[in-house]
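Take a look at the letters that make up each chain.
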Amino acid sequence: MLFYHLLLRLFPASFRAEYGGEMAALFARRQRDCSGPFAAAGMWLAVVFETMIDAAGAHWDILRQDLRYAARTLARTPGFTITAIVVVALGIGANTAAFSVTDFVLIRPLPFPQPDKLVRVYEKIPGYKMELSPGNFRDWKNRSSSFESFGMYYTSAVNWIGNGDPQRLHSVAVDSDVLPTLSVKPILGRWFTPTDEKGNVADTVLISYRVWQSRFGADQSIIGRVMNLDGHSTQIIGVMPLDFRFPSNYVDLWLPLIFAEDTYADRANNFVVGVGRLKNGVSLQRANSELDSIAAQLEREFPRANERTRAFVIRLSDDFSRSTALLLKALCGAAFCVLLIACANLANLLLSRAVTRRKELAVRAAMGAGRERLVRQLITESLMLAVAGGVIGVFLAGVGVPLMASLVPSQLPITDRPAVDLRVLLFASGLTLLTGFAFGAWPAWRMGRGVDIDGLREGARSGGGRRERLRFALVVTEVMASVVLLVSAGLLLRALLRVQSVDPGFRAENVLTMETALPPKYEQAAQRRGFYTQVLSGVRRLPGVVNAAYITYLPMGSMRGGIFPVEIGASSITRSANNTASMRYVTPGFFDTLRIPLEQGRDVSESDTSTSASVAVVSRSFVRRYWPEGNPIGRQFKFAMHDRTVVGVVRDVRVRGLERDSEPQVYLSYQQQDPYIPFYAPKDLAIRTVGAPEAITPAVRAAIRAADAEQPIIDVKTMERVVEEDIETRSVQARLLTAFAALAFLLAAVGIHGLLAFAVSQRTREIGVRMAMGARPTRILAMVMRQAALVALAGVALGTFFAYQAALAMQSILAGVRPDDAVTFGAAAGLCAAMTIFGSWIPAWRAVRVDPIIALRSE
């Protein structure tokens, strides 16, 4: 019988109270009528099954009644209903959007089998991480035992001719171990074998799914087709899967990596990246330790080139900007603050509504409704609000996620962009139900406990005590969260303004840029010179053009220059960040085109040919590092395998972006380019104009076509746009966090005003008594304002503490702004304090203007 009574607990309390006794008596008769253990077992199975079905039906009947009643009740108070739904929608929407992007970048595994075993490998010298030299990679691979497989690659681009207009496609040269390391197979054809790596040029290629669909119409017979890449006939041997985008999401072609044996001999030429798959049971620390040990051996074997060179192994999923990860976490924190404020507002709305419905609940209790029934009804209403707000919130998240898509690092090997998918929908659904239940159950339970006949009396107290303390705790919470968000957004905005005020070292206005990377048919220096001369002479003749020039890599462009060691005199190469410089080849007139001041000496000239002495124009930081005293003009140094003579000194340029200090720069004559590094040939064209540079784009294209009709032209943009792109991610981050802060402040302002207005309205009778006994309105107003000031002070104090902790966590992305910046903290604290006090002043002023007699009659 005890077990049956436990089964009855499945029914609602009201149902048990009305039918429980009758059901127990009926069960007792059925139990007495059973004869034998088999009959008893069958009876128990039937009872359990019937009880579960009937209990579910009873709960469903009550739920339908509650839903109908809740819908009617909420419809009668549209202001409350709309406010509650909007509050929930904003909280859920902000969190779902932030979670979607963060999950996409930081949590979701990469689209490879066992992605946690995939690593990237770099070389490391004191103060700097860089790519590998092919020679060091080969020795690391042959001597290590930590990797199941280990491959290398480097990114490049090729010109595709013969499919309409010439096109420039992003490509990757990979050795035959890269794809097996990633455990990815082509959907059509095969991957590379060591045979493909033999020869002078690549004659096989793997194409992306995107190229296969858009350029070849998903032709199933694509294998064996030929593409003209950089003037060579290259056979398509495979098509990669739709979601394969290694090593970054804009790659279209994969070519076999082909090196001559002398490439492995130059261990100072760092341009390949290693990718490996760890063996089972091998940790990241063990792989790092083993490669470091091998690097120490290579340093002893090749002391000149490998001095102080060590290994740096990082998981493939972690190999992107630390600042991006930190900003995503900051956005999640901001979204959580918005949710906290939204939940505080929702709790306040539900609690206030429950207080105002005290008489209604008392009437229902007097008519026989039990506490459980009342609590169920209130929870049903709160869940209806939460679900409605959650549905709208998911829609808002779907709109907001694309706005945050620019925060996704382009170097991640993923194809799509973040979206609100099933996992995020489940997260949002759970968050919605939790919010509705948590902030509807507690007020409902408190009101359920407090319902009695006193609620029917006129003038019964309907607030105060614990409820009043809870309300003001909610105010403190909202003020605290607002301070944290306002300080965080303010610091990022100040950091953005500081970055924008940094002098890049050149004048970006009225400069048009584009890329015209030359294919191997321009292998000879004379051929390249002919192309540059024809293009530049044609462009300089255009109306409105002041000057034009070519450079290997534009400052702040996608590729920011190669790093080479510097030798001064008889000193040996010291492998450290303090003894390196980056290299660029330029045509005469580049410094004038970008208005980079020439501080000493001269520019490179057309007389600096391959048959004359190798010359260099160096940056001021190069001179400060190597010749801090004396005249640098005429001095010599060894750089990139050749002795160079300094003929000029130019101003430092922020080639690595406005936020990073750049290494010293070495500019070389385009006619003195070394043939063993053809990819350093100047490819970026810069044109200074009198007016808007975009206007001459068609004419510049025509000039390039006249020089070579098969030459692709890509990345046409102004230099101002290049600078904007350098800080675009930070700008987006600052705008998003500012939007979160503004949303939180607005929610908090509305919520605090409503909360304090309700609290003051609950004291209307008390205020009437005080005024009837002679209290002056100013004294009443001061009493209310003093309480609001204490609440504001508590919220600002807590918020300042947590805001400082958040600022310390973000310090690395604040671009030199102090995490305790007094102006930002003062402004945020002042805004939140003013919001709280002003939110209390308006209802308090209304209350003291009410006639005392009317106030004494109010409830």
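Preceding this section is the structure that the text describes.
Conventions we followed
Residues numbered from 1 in each chain as written. Predicted model: local features only at pLDDT ≥ 70, side-chain atom pairs only at ≥ 80, totals over all residues. Heavy atoms only, no water. Pairing = 2+ DSSP bridges. Helix = DSSP H or I, 4+ residues; strand = E, 2+ residues; numbered from the N terminus. Expected span 1.5 Å × (residues − 1). Buried < 20%, exposed > 50% of the residue type's maximum accessible area, 1.4 Å probe, protein only. Core = buried A, V, L, I, M, F, W, Y, C linked by side-chain atoms within 4.5 Å. Contact = heavy atoms within 4.5 Å. Salt bridge = Lys/Arg side-chain N within 4 Å of Asp/Glu carboxyl O. Axes fitted to C-alpha atoms, helices over the stretch in contact; angles between N-to-C directions. Parallel < 35°, antiparallel > 145°, perpendicular 65-115°, else oblique. Left-handed = near helix turned anticlockwise from the far one by under 90°. Nonpolar A, V, L, I, M, F, W, Y, C, P; charged D, E, K, R; others polar. Phe/Tyr/Trp six-rings, centres within 6.5 Å; stacked < 30°, edge-to-face > 60°. Lys NZ or Arg CZ within 6 Å of the ring centre and 35° of its normal.

Enquirer: I tried to follow the pairing of strand β8 (residues 232-239) on my own but got confused; where do I start?
Expert: Regular strands place side chains that alternate from one sheet face to the opposite one. Bridging between strand β5 (residues 188-189) and β8 involves 2 bridges; their strand directions are antiparallel. From the neighbouring strand, Leu-188 faces β8, where its bridge partner is Val-239. Relative to β8, strand β6 (residues 204-207) is paired through 4 bridges, and the arrangement is parallel. Bridging across to β8, Thr-204 finds its partner in Gln-235. Two strands pair when backbone bridges link them, and strand β7 (residues 226-229) and β8 are joined in this way by 4 bridges, in the antiparallel orientation.

Enquirer: Can you walk me through helix α3 (residues 37-76) in this structure?
Expert: Residue pairs three or four apart in sequence face the same way in an α-helix, which turns once every 3.6 residues. A rise of 1.5 Å per residue sets the reference length of α3, with its 40 residues, at 58 Å; its end C-alpha atoms lie 58 Å apart and thus fit the reference within 8%. Among all positions in α3, only Met-43, Val-47, Thr-51, Ala-55, Ala-58, Ile-62, Asp-66, Ala-70, Thr-73 and Leu-74 are buried.

Enquirer: I'm lost on the nonpolar core in this one. Help?
Expert: One broad rule of soluble globular proteins: the nonpolar side chains tend to lie buried together. Counting 78 residues, the largest nonpolar core has Leu-485, Phe-506, Phe-590, Leu-594, Ile-596, Tyr-667 and Met-719 as its most contacted members. Ranked by residue count, the leading element in this core is helix α13 (residues 466-500), at 16 residues. Sequence-distant contacts of Phe-590, defined by excluding residues within four places in its chain, comprise Ala-549, Tyr-550, Ile-551, Pro-555, Ile-596 and Asp-603. Listed in part, the 24 residues of the second largest apolar core include Leu-132, Met-152, Phe-271 and Val-272.

Enquirer: I'm lost on the pattern of salt bridges in this one. Help?
Expert: Two side chains with opposite charge may pair up if their charged atoms get near one another. Following the criterion strictly, the structure yields 27 salt bridges and no others. Note that Arg-168 is salt-bridged to Glu-515, the shortest N-O span being 3.8 Å. Here Glu-515 lies in strand β12 (residues 511-515) and Arg-168 lies in strand β4 (residues 167-174), a separation of 347 residues in the sequence. Overall, Arg-168 belongs to the buried group, its relative accessible area being 17%. When the shortest N-O distance is used, the salt bridge between Arg-507 and Glu-509 registers 2.5 Å. A residue is classified by how much of its surface remains accessible, and Glu-509, at 24% relative accessible area, is partly exposed.

Enquirer: Help me understand the packing of helix α5 (residues 134-143) against helix α8 (residues 284-301), please; the structure alone is not making it clear to me.
Expert: For the pair α5 and α8, the least separation of the axes is 10 Å and the interaxial angle reads 125°. Of the possible angle classes, the one that applies to α5 and α8 is oblique. Crossing of α5 against α8: the hand is right-handed. On the side of α5, the interface is formed by Asn-136, Asp-139, Trp-140 and Arg-143, while α8 contributes Glu-290, Leu-291, Ile-294, Ala-295, Gln-297, Leu-298 and Glu-301. Broken down by class, the residue content of the contact of α5 with α8 amounts to 5 nonpolar, 2 polar and 4 charged.

Enquirer: How should the pairing of strand β17 (residues 615-619) be read in this particular structure?
Expert: In terms of burial, β17 is a largely internal element, 5 of the 5 residues being buried. Residues of β17 alternate between two faces, with Val-615, Val-617 and Ser-619 on one and Ala-616 and Val-618 on the opposite face, all of them buried. As judged from the 5 bridges shared by β17 and strand β19 (residues 642-650), these two strands associate in the parallel manner. Bridged to Ser-619 within β19 is Val-650.

Enquirer: Could you clarify how one ought to interpret the packing of aromatic side chains in this entry?
Expert: Aromatic ring pairs are described here by two measures, namely the spacing of the ring centres and the angle between the planes. Tallied over the full model, the rule gives 29 aromatic pairs. Taking 5.2 Å as the distance between ring centres and 50° as the angle between the ring planes, the aromatic pair formed by Phe-244 and Trp-254 counts as tilted. In this pair, Phe-244 is assigned in the loop between β8 and β9 (253-256) and Trp-254 in strand β9, connecting sequence segments 10 residues apart. Judged on exposure class, the residue Phe-244 and its partner Trp-254 are both buried. Across the ring face of Tyr-264, the terminal group of Arg-138 is positioned such that the distance to the ring centre comes to 4.0 Å. Its end group placed over the ring of Phe-302, Arg-267 keeps NZ or CZ at 3.8 Å from the ring centre.

Enquirer: Would you mind going over unusual backbone geometry with me for this structure?
Expert: The phi torsion of most residues other than glycine is negative, and most of the peptide bonds are trans. With an omega dihedral of 0°, the bond running from Phe-246 to Pro-247 counts as a cis peptide bond. Looking at the element boundaries, Pro-247 is found in the loop between β8 and β9. The phi torsion at Ala-218 lies on the positive side, around 55°, for a residue other than glycine. Relative to the assigned elements, Ala-218 resides in the loop between α7 (209-216) and β7.

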